[in-house]
There are 2 protein chains.
Amino acid sequence: MQSTLSALAEPNRLHIVELLLDGPLPVGEIADRLELNQPQVSKHLRVLTSAGLVEVQPEANRRIYKLQPKPLQELDEWLGSYRRMWEDRFDRLDAYLLELQGKANHQNASKQDPKQP
Amino acid sequence: MQSTLSALAEPNRLHIVELLLDGPLPVGEIADRLELNQPQVSKHLRVLTSAGLVEVQPEANRRIYKLQPKPLQELDEWLGSYRRMWEDRFDRLDAYLLELQGKANHQNASKQDPKQP
DNA sequence: CATCTATATGCCTTGACAGGCATATTCCAA
DNA sequence: TTGGAATATGCCTGTCAAGGCATATAGATG
């Protein structure tokens, strides 16, 4: 989860992942399409590998990398577990004020855009 | 998207976001619960703010931060647009070989675990 | 105004990381 | 075996970001 996010935080790595969504590719192809130097691609692929995001498959001379669904699925599930919250809306300021203090001093904090007035 | 990932890549910031999923909180509370120094929390919140992940709402002396659903939704959609792919499976090595070369020299690259032989 | 609280900012240091480049390694072919 | 293609690794450098700390700022209150 954390490692997944760190891995994807790097722009070029995100590009690599997006590229691999279309199917497995060897290192050279990736470097070619993204206009990166081969060594950097190898390094990025190492990070992605230790994050479990890709898997290598030797094919003769080349090493073909393919995406690994698990980490993306987990990220998806993480988001999914809170999906309903933002569909609802979680800017319930009152909730905090009530929960934190219990006092009744939360004087109408609805400066938001109330969808249903 | 990219900024969302970078923002969440930092462990403490991810914690802050997870914390705010339960509702808005003032800076001090966040620092308190996560056992972080207040200045660092303010800095993290600034990053989260410029990533659009949180929004501040001044309440008297304090500044209450609340989550902003949009970036998380976008991340969710990004994953969602590929969700079916990993449900299917995208380790179609043949696809690459055919697509890239068109040549007939892809000699039975199925070293994978063929689910349906 | 004096002061206290809550928060933001600035400065500094340190560590991590990405890119560039040379080189090692692996595999294939002749 | 020699050579060449594909890839990984090691070294170096520069940059950037995070933490620690002191301090500035804003609002409340007496």
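Values in this document were obtained by computation on a predicted structure and should not be read as measured data. (Residues numbered from 1 in each chain as written. Chains lettered and ligands numbered in written order. Predicted model: local features only at pLDDT ≥ 70, side-chain atom pairs only at ≥ 80, totals over all residues. Heavy atoms only, no water.)

Participant: Which residues make up the packing of aromatic side chains, and what are the values?
Facilitator: Residues and elements named next belong to chain A. For the structure shown, the criterion picks out 2 aromatic pairs over all chains. Plain terms: the ring middles of Trp-78 and Tyr-82 are 5.8 Å apart, the flat faces sit at 75 degrees to each other, and that makes the pair edge-to-face. Residue classification places Trp-78 among the buried residues on the basis of a relative accessible area of 12%. (Phe/Tyr/Trp six-rings, centres within 6.5 Å; stacked < 30°, edge-to-face > 60°. Buried < 20%, exposed > 50% of the residue type's maximum accessible area, 1.4 Å probe, protein only.)

Participant: Please set out the sheet that holds strand β3 (residues 62–67) of chain B residue by residue, giving values where relevant.
Facilitator: All names here are of chain B. Strand order in the open sheet formed by 3 strands is β1-β3-β2, and the pairing between neighbours is antiparallel. At either end of the open sheet lies a strand with only one pairing partner, and these are β1 (25–26) and β2 (54–59). Helix α2 (residues 11–20) rests against β1, β2 and β3 of the sheet, and its axis sits at about 85 degrees to β3. (Pairing = 2+ DSSP bridges. Helix = DSSP H or I, 4+ residues; strand = E, 2+ residues; numbered from the N terminus. Contact = heavy atoms within 4.5 Å. Axes fitted to C-alpha atoms, helices over the stretch in contact; angles between N-to-C directions.)

Participant: Quick rundown of the protein's contact with DNA strand D? Include the residues and the values.
Facilitator: Around DNA strand D, a shell composed of 21 residues is seen, among which A:Gln38, A:Ser42, A:Tyr65, B:Arg13 and B:Lys43 lie nearest. Within 4 Å of the protein, the atoms of DNA strand D are drawn from sugar and phosphate moieties in a proportion of 55%. Between a base oxygen of DNA strand D and a side-chain N or O atom of A:Lys43, the distance comes to 3.0 Å. At a separation of 2.8 Å, a phosphate oxygen of DNA strand D approaches a polar side-chain atom of B:His44. Looking at the surface near DNA strand D, the elements with two or more residues in it are α3 (27–34), α4 (38–50) and β3 (62–67) of chain A together with α2 and α4 (38–50) of chain B. When grouped by side-chain class, the residues that make up the surface near DNA strand D number 6 nonpolar, 9 polar and 6 charged. (Near = heavy atom within 4 Å. Polar contact = N/O pair within 3.5 Å; in protein donor to acceptor, adjacent residues only side chain to side chain. Nonpolar A, V, L, I, M, F, W, Y, C, P; charged D, E, K, R; others polar.)

Participant: An account of the sheet that holds strand β1 (residues 25–26) of chain A is needed here, citing residue identities and associated values.
Facilitator: All names here are of chain A. Pairing is antiparallel in the open sheet, where 3 strands are placed in the order β1-β3-β2. At either end of the open sheet lies a strand with only one pairing partner, and these are β1 and β2 (54–59). Sheet strands in contact with helix α2 (residues 11–20) are β1, β2 and β3, and its direction is about 85 degrees off that of β3.

Participant: Can you lay out the pattern of salt bridges for me, pointing to particular residues and giving the numbers?
Facilitator: Counted by the stated rule, this structure contains 8 salt bridges over all chains. Here B:Arg83 and A:Asp76 are joined by a salt bridge, their closest N and O atoms 2.7 Å apart. Highlighted residues: B:Arg83 in helix α6 (residues 83–88) and A:Asp76 in helix α5 (residues 69–80), drawn from two different chains. According to the relative accessible area criterion, A:Asp76 is buried, its value standing at 10%. Shared partners join several salt bridges into a network, and the residues in it are A:Asp76, A:Arg83, B:Asp76 and B:Arg83. (Salt bridge = Lys/Arg side-chain N within 4 Å of Asp/Glu carboxyl O.)

Participant: Can you lay out the packing of helix α1 (residues 2–9) of chain B against α2(B) for me, pointing to particular residues and giving the numbers?
Facilitator: All names here are of chain B. Closest axis-to-axis distance for the α1/α2 pair is 5 Å, and the angle between their directions is 100 degrees. As summarised for this structure, α1 and α2 are arranged roughly perpendicular, according to the angle between their axes. Here α1 contributes Ser-6, Ala-7, Leu-8 and Ala-9 to the contact with α2, which in turn contributes Pro-11, Arg-13, Leu-14 and Val-17. Per-class residue counts for the contact of α1 with α2 are 6 nonpolar, 1 polar and 1 charged. (Parallel < 35°, antiparallel > 145°, perpendicular 65-115°, else oblique.)

Participant: Outline the protein's contact with DNA strand C, supporting the account with residue identities and numerical values.
Facilitator: Near DNA strand C you find 21 residues, and of these A:Asn12, A:Lys43, B:Gln38, B:Ser42 and B:Tyr65 are the closest. The contact atoms of DNA strand C, taken as those within 4 Å of the protein, divide so that sugar and phosphate hold 58%. B:Arg63 places a side-chain nitrogen or oxygen 3.2 Å from a phosphate oxygen of DNA strand C. At 2.4 Å, a side-chain N or O of B:Tyr65 approaches a phosphate oxygen of DNA strand C.

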